[in-house]
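# Coordinates in review
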Amino acid sequence: MEKLYIEPHDLRNWWKFVRPGLEDILKKSPEYWIPEDIYADCYSGKAMLWVFSVDKYPVGFAVLTNRGESLHCWCGWANSVGHFKSAVECVSEIAKESGSKFVTFESWRSGWERLAPKFGFKPRTWVKEIL
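Report on the accompanying structure.

Scoring rules and cut-offs
Residues numbered from 1 in each chain as written. Predicted model: local features only at pLDDT ≥ 70, side-chain atom pairs only at ≥ 80, totals over all residues. Heavy atoms only, no water. Phe/Tyr/Trp six-rings, centres within 6.5 Å; stacked < 30°, edge-to-face > 60°. Helix = DSSP H or I, 4+ residues; strand = E, 2+ residues; numbered from the N terminus. Buried < 20%, exposed > 50% of the residue type's maximum accessible area, 1.4 Å probe, protein only. Salt bridge = Lys/Arg side-chain N within 4 Å of Asp/Glu carboxyl O.

## Some thoughts on the packing of aromatic side chains
Evaluated as defined, the whole model comprises 6 aromatic pairs. Centre to centre, the rings of Tyr5 and Trp50 are 5.5 Å apart; their planes meet at 50°, and the pair counts as tilted. Placement of the pair is Tyr5 in strand 1 (residues 2–6) and Trp50 in strand 2 (residues 48–54), with a sequence separation of 45 residues. On the accessibility criterion, Trp50 (14% relative accessible area) is buried. On the basis of an interplanar angle of 70° and a centroid distance of 5.9 Å, the ring pair of Phe17 and Trp77 is categorised as edge-to-face. Here Phe17, found in helix 1 (residues 11–28), pairs with Trp77, found in strand 4 (residues 70–78); they are 60 residues apart in sequence, far enough to count as distant.

Printed below as a string of structure tokens:
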């Protein structure tokens with residue numbers, strides 16, 4: 001899987017791919033954000049959009065923000081479980097490359113109680129240490 005940082009000036013070109021994924025997330029989990037919040041923060045540089053692809057075909061994305069020692073995953077989406085696992089590995093690489101010690105995320109979805117530990121996260125605020 002390849003990862004591509006989407007520059008703010010290029011965000012509009014990727015929005016047709018990202019927005020349906022954001023809407024899918026919101027169907028499964030009541031979040032405090034709306035897609036326009038994500039767009040605004042990525043466009044202003046407060047957040048970073050990373051797109052993950054296989055054979056040049058986009059299969060997922062993550063919206064990330066720096067929070068001191070941690071890289072926070074505001075939201076992430078992939079079109080299959082296999083791609084999601086690879087996307088989590090890409091987020092870990094991004095964190096390591098940026099010097100972050102942790103990857104964090106928050107979610108209302110109860111399924112994360114079982115799934116997050118499989119990716120190396122610990123409960124409460126889900127945290128993954130980057131070594």
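## Quick word on the pattern of salt bridges
Applying the stated criterion across every chain yields a total of 6 salt bridges. Across the salt bridge formed by Glu93 and Lys3, the nearest N and O atoms sit 3.0 Å from each other. A residue pair is termed long-range when its members are at least 10 positions apart, and Glu93 in helix 3 (residues 81–98) and Lys3 in strand 1 qualify at 90 residues. Of the residues examined, Lys3 reaches a relative accessible area of 25% and is grouped as partly exposed.

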